Structures are given as structure tokens and as C-alpha cells.
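Observations on the three-dimensional arrangement
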Amino acid sequence: MSTPARQKNILPGFGISLGYTIIYLTLIVLIPLAGTFLKTAGIGWHGFWLAVTSPRVVASYRLTFGASLIAAVINAIFGLIVAWMLVRYSFPGKRLVDALVDLPFALPTAVAGIALTSLYAPGGWIGRWFEPLGLKIAFTPLGIVVALIFIGLPFVVRTVQPVLEEIDTEPEEAAATLGASRLQTIRHVVLPRILPALTTGFALAFARAVGEYGSVVFISGNMPMKTEITPLLIVTKLEEFDYRGATALAVVMLLISFVLLLSINLLQRWMSRRLTA
Amino acid sequence: MAGIATTLIRTRLVAANRPLTGDPAWIRWLVMSVGITFLVVTLFIPLVAVFTEALRHGLAAYFASFTDPDALSAIRLTLFTAAISVPLNLVFGVAAAWAIAKFQFPGKSLLISLIDLPFAISPVVAGLIYVLMFGAQGWFGPWLHAHHIKIIFAVPGIVLATIFVTFPFVARELIPLMESQGDTEECAALILGATGWQTFWYVTLPNIRWGLLYGVILCNARAMGEFGAVSVVSGHIRGLTNTMPLQVEILYNDYNFVAAFAVATLLALLALVTLVLKRLVEWHASRQEDSTQGALS
């Protein structure tokens, strides 16, 4: 949108709108974040390292990242199927189904949390089918995965869907006329073109899952070393007035968020390059 | 050879009445049944469960849940919090989009990334950073204590945490929209003698109204539904610092399931209304786009 005419912009309000933006951003976001990093300086490197590598903390990282990864993989697979269905097929009630996909964006996480817990608890609508198999879902790591699937699904569908709508079907026609089976065409022609979008959706779902709290606390059972995710451990430490431990963990989570944000930005750049190419 | 093969296959495909890019019936059937089953199990059943659990002991028990003064004060606090945080983020979003979309300046992409930052941060951490600023152990804790100002474990902390988690909604909706619209119409208005304020009010605002509304709807849904960040700063004082999602948690942990799900139905209804409004706005926005494109061509 940058044209040479832009150099002499006659529009008013640049100073005040930019000034207001920067002041508001600084007060609400930047100063509190900087304050958190400064707090860790008071702990010292040694204390910080001990706080973020204790066995209970390491167990929480393993659970948080493991469950988020599994949930994001499941969401990538089923999210692609749902996006495919919504773009390529027409069926009655399609608009309703399409709108339902956004439910996890709109439904408060605490509501999702208690609903999923009641469903997957041993006597619940879904849990009772798994009970005879000796499989417990609620109050185990499996329950955490269930909650994270709920939270992450729209990220994959809403990233893949517009790309699927955008790509033209000519290469698919060519592949079909050249004798490729439909599965071969999807595998070799369609999938490579939506791979950047699928990866971005996967990364968004993963990033959201790593920080998720509300939907997980109810279904996880919150047992230290077993079903305690890192965000919950931060809350626990705060409730025990262990401010240093909570701060150190928060800084680790913040650094992870920054890395994930950066990777997602790079992925999105890859995605838009693929689309314009 | 290849030419003949292609022709033969095309003939066969056409003869079989199979479109070249459509999926065969069995793939179609498989994808549809897997996709629909997945959506029903992961999204639809949990939504239904909220209402059935709330109505488990009948309508009387359901409505009795709302006579609890703590539930009513939670509803009031949620509305109050949204009524402050949404307008603040709305004004910020418009100002940020005006500066970023209509002007060129160094550091612009950094500014956009910083505005998006709150979406990347865990809600628990979002709450914690305010505890570390204004809590008893925080940077301003002693000063606030000396002046008898309470922010953490009080309403101001809840409002601040809500502002943080809903910070980017309006801005990230408006920035790409205003960038795509450019500044020709505004420049025309100014040349014709409109003041800056008139230009914004009569030219820019009508152009961005659907995007603005879209951002506000999403911002409001998150503001009313936020749990993690608010939970950290609230202190869970019944009747004073509990929002609706926190009230749901307290009731649930007290094994008062019907009441917990009753409050949850209000939040679920809010989510459904949000989804409907969102669809309506998307529909209006696409119609507006079509009509402007029609007018230009």
C-alpha cells in the first residue's frame, strides 16, 4: 500500500494516534512484562536454574508439551478432514456445521472444562464406554489431551479452509487426466500446496495448548508429577506464596511463547509466499 | 501413447460420470462420516452436556441457582468488567489501526508484533505479571499498601487482566481492513474541506463498521469468558471478586453441579449469541464488499 504520494501524507492525527497506541501498549503490556523479567534478576541465576529444573517442574513440562503435541497432531489430521469437507462438499446443514467449528473460540474455557469432565468422568456419557475397557480418560493425561483437542481444533480448520478455497483445481484435473488415482492426486498434488497452511494451523493449535489453563484444570485431576501442567504449577506456587518459583516458571513460559510466536510468524511468511508463487 | 492413454481415461471418467476433481463416492462417504462424527463428539456433545447437566434436576432447581446472591454479583462483575475493558480496547484498536494503516513509519512491523503479543502469552502468566506489579510482593505493592489502594484480589486487577487478554482483538481486525482500504477516500474528504474529525466520523467509520463490530463481538466474548488470567488476580472472594467463570469453578469444586452448570449455560448462551452475531457480521461485510466492488466496476 506504500505509494510515493504517501511521503506527503495530508491525513491528520498521526502523532496522537501513534502516541496513544504506544503509551497504552507500554502501560498494559510492556511494563508488566519487563517487570516480570526484572523480578527474576532478584532470584539470581543459580536460584532461577534450581526453580525451573526441579523434578516436579520438569514432569510438568513433559506433560504440557507431550499432551499439546499429541493434541495438535490429532487436530491437524481431523482439522484437515473437516476443512476438506467444508470446502469441497455440499451437504445439508453445512453452514451450521461451519459455524459450530468456531465454538471453542467463543465458549469460555471453564465451561468447556466442566462439560468435558462430566462427559469423560468414569460415569459420564462418554467415559462409561471406556470404563469396561479399563481405560480412564478424565483425571489422567488422556483427559488433558481431550481438552486440548477441543481448544485447538478451530485454529487448524480456520487456517487450512481459506487456503483450500483459494487454490485452483486445474493441477488436480491435470493429474486426474494423466491417470493418477484420486488418492495419488490428493497426496502428490493437493497436500504439498496446503502443507504450509496445515503446519501453521498445527503450530497455532500447539501454541494455544501449551498455555491453556481453564479447560484443563477440571479434567486433569491435578496430581503433582502425574497430571499437573506447567500453568497450573504456576498457580499452585502462587497460592503457596512461592513468588520466586512462580516468576521463574512464568519467565520460562514467556520465553517459550516468544519462540513459538516467532516460528509462527516465519511459517505465515512461508505460507503467503507459497500462495503468491 | 500418453495422449491416447489420457484420452481413454478421460473418456472413461466422463463415461463413469465422474468429475475430474471430485472425490469418488467412497472417499466422500469416509471423509463426511469421519468429519461429522469428530465434530459431534468434540464440539456438539460437550455443548449439549452443559444444558442437560444444568437441567438434570428440573427447571425449578435450574432457576433456583440464579437466586443465589453470589451468582448475581458474579453476573454483575462480569458485565462491569466487559463494560470497561471492551470500550478501552476499542478506542485503542481504532487509534492503533489509524496510525499503522494510514501512515508509514519505522518499526511498524515490530509494533504489530507487540500488539499481538498478549495472544501468545498463557492466561496464567498474564495474570501473574500484574500480581508481580501490584501485588503485596510486587514492584508497586508497598506504595499501594501505604496508600490503601487495592488492585490485586480486587476489581481493578480483574479489569486489568481482562484488558490484557483481550488487548489485540479490535486492533488486529482493523489493521488489515484499513490497510486494504487505503486512504484515497479520506484524502478526498479533506481536500473537499472536511475536518479531520469529520473525515473519520463520516468516511472512515462507515467503511470499517463491520470489521469494528466483529472485533468488538470477539473481544466481548473473551472478556466475559476469561478464566485463567482473572483467576490469578481475583483472590476468589465470594460476592466480591468472582466473575461468572470463577463462580462456575467455585460451585463445581463445591460439588454443586447443577448450580455450576446453570451459570455455565448463561456463558454457553453468550457463546452461541456470539457465533450468530459473528456470522451475521461476516455476511454483511461480504455484502458490503460486493456492493463496493460492483460500484467500482
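Residues numbered from 1 in each chain as written. Chains lettered and ligands numbered in written order. Predicted model: local features only at pLDDT ≥ 70, side-chain atom pairs only at ≥ 80, totals over all residues. Heavy atoms only, no water.

Ranked by size, the top nonpolar core spans 183 residues in total, and within it A:Ile28, A:Tyr120, A:Leu164, A:Ile234, B:Ile115 and B:Phe164 carry the most contacts. Here the element with the most residues in this core is helix H8 (residues 141-166) of chain A; it accounts for 15 residues. If sequence neighbours within four positions are ignored, A:Leu164 has contacts with A:Ala83, A:Trp84, A:Val87, A:Arg88, A:Val190 and A:Ile194. (Core = buried A, V, L, I, M, F, W, Y, C linked by side-chain atoms within 4.5 Å. Buried < 20%, exposed > 50% of the residue type's maximum accessible area, 1.4 Å probe, protein only. Helix = DSSP H or I, 4+ residues; strand = E, 2+ residues; numbered from the N terminus. Contact = heavy atoms within 4.5 Å.)

Attention now goes to a nonpolar patch on the surface. On the surface, a cluster of nonpolar side chains totalling about 460 Å² of accessible area is made up of B:Val273, B:Val276, B:Leu277, B:Leu280 and B:Trp283. Checked against the element boundaries, B:Trp283 lands in helix H14 (residues 257-296). (Patch = residues over 30% accessible without salt bridge, like charges linked within 9 Å, V, L, I, M, F, W, Y side chains within 5 Å. Areas by Shrake-Rupley, 256 points an atom, 1.4 Å probe, with all protein chains shown as cover. Salt bridge = Lys/Arg side-chain N within 4 Å of Asp/Glu carboxyl O.)

The next subject is the side chain of B:Glu53. Within the secondary structure layout, B:Glu53 lies in helix H2 (residues 25-54). In this structure the side chain of B:Glu53 is engaged in a polar contact, spanning 3.1 Å, whose partner is the side chain of B:Arg56. Contact partners of B:Glu53, with chain neighbours within four places excluded, come to A:Ser118, B:Val258 and B:Phe261. (Polar contact = N/O pair within 3.5 Å; in protein donor to acceptor, adjacent residues only side chain to side chain.)

Further remarks concern the interface of chain A and chain B. At the interface, 93 residues of chain A touch 97 residues of chain B. Across the interface of chain A and chain B, roughly 8,400 Å² is buried in total on both sides, 79% from carbon and sulfur atoms. Taken together, the connections running from chain A to chain B amount to four salt bridges. One salt bridge connects A:Asp102 with B:Lys278, and the closest N-O pair in it is separated by 2.5 Å. Where chain A packs against chain B, one counts 13 residue pairs in polar contact (both at pLDDT 80 or more). In terms of residue count, the dominant contributor to the side of chain A that touches chain B is helix H1 (residues 14-43) of chain A (18 residues). (Buried area = accessible area lost by both parts, 1.4 Å probe.)

Take the environment of A:Leu249 next. Residues and elements named next belong to chain A. With respect to the helices and strands, the residue Leu249 is situated in helix H13 (residues 243-276). Sequence separation of Leu249 and Phe91 is 158 residues, and the distance between their C-alpha atoms is 48 Å. Contact partners of Leu249, with chain neighbours within four places excluded, come to Val52, Val57, Tyr61, Thr230, Leu233, Ile234 and Lys237.

Attention now goes to the pattern of salt bridges. By the definition in use, this model includes 19 salt bridges over all chains. The closest approach of N and O atoms between A:Asp168 and A:Arg193, which form a salt bridge, is 3.8 Å. Residue A:Asp168 is found in the loop between H8 and helix H9 (170-177), and its partner A:Arg193 is found in helix H10 (residues 182-211); the two are separated by 25 residues along the sequence. Close ionic contact of A:Glu172 with A:Arg182 constitutes a salt bridge, the shortest N to O distance being 3.1 Å. Remark: A:Arg182 occurs in helix H10 and A:Glu172 occurs in helix H9; sequence separation between them is 10 residues. Of the two residues, A:Glu172 and A:Arg182, neither departs from the other in class, the shared state being buried. Connected through salt bridges with shared partners, the residues A:Asp98, A:Asp102, A:Arg158, B:Lys278, B:Arg279 and B:Glu282 form a single ionic network.

For the rest of this paragraph, the subject is the packing of aromatic side chains. On inspection of all chains with the given rule, the structure shows 28 aromatic pairs over all chains. Here A:Phe65 and A:Phe206 contribute two aromatic rings whose centre-to-centre distance is 6.1 Å and whose plane-to-plane angle is 40 degrees, an arrangement assigned as tilted. With a gap of 141 residues between them, A:Phe65 in helix H3 (residues 55-88) and A:Phe206 in helix H10 connect regions that are remote in the sequence. By relative accessible area, A:Phe65 is classed as partly exposed at 25%. Pairing A:Phe218 with B:Phe227 gives two aromatic rings, centres 5.9 Å apart and planes at 40 degrees, and the pair type is tilted. In this pair, A:Phe218 sits in helix H11 (residues 214-220) while B:Phe227 sits in the loop between helix H11 (196-225) and helix H12 (228-234), so the two residues belong to two different chains. B:Phe227 matches A:Phe218 in its accessibility class, with the two residues each being buried. Taken together, the ring pairs connect A:Tyr213, A:Phe218, B:Phe227, B:Tyr252, B:Tyr255, B:Phe257 and B:Phe261 into an aromatic cluster. Sitting over the ring of A:Trp84, A:Arg88 keeps its end group 4.7 Å from the ring centre. Its end group placed over the ring of B:Trp283, B:Arg287 keeps NZ or CZ at 4.8 Å from the ring centre. (Phe/Tyr/Trp six-rings, centres within 6.5 Å; stacked < 30°, edge-to-face > 60°. Lys NZ or Arg CZ within 6 Å of the ring centre and 35° of its normal.)

Before going further, it helps to spend a moment on unusual backbone geometry. All names here are of chain A. A positive phi angle is found at Met225, which is not glycine, with a value near 75 degrees. In this structure, Met225 sits in the loop between H11 and helix H12 (230-239). Here Met225 falls in the partly exposed class, since its relative accessible area comes to 49%. One non-glycine residue with positive phi stands out, namely Phe241, at about 60 degrees. Mapped onto the elements of the fold, Phe241 is located in the loop between H12 and H13.

Caution applies to low-pLDDT regions: their predicted coordinates should not be interpreted in detail. Averaged over every residue, the pLDDT of chain A is 91; residues scoring 70 or more account for 96%. Per-residue pLDDT stays below 50 along residues 1-7 of chain A; that stretch engages in 10 contacts with residues further than four places along the chain or on separate chains. (pLDDT = per-residue confidence, 0-100.)

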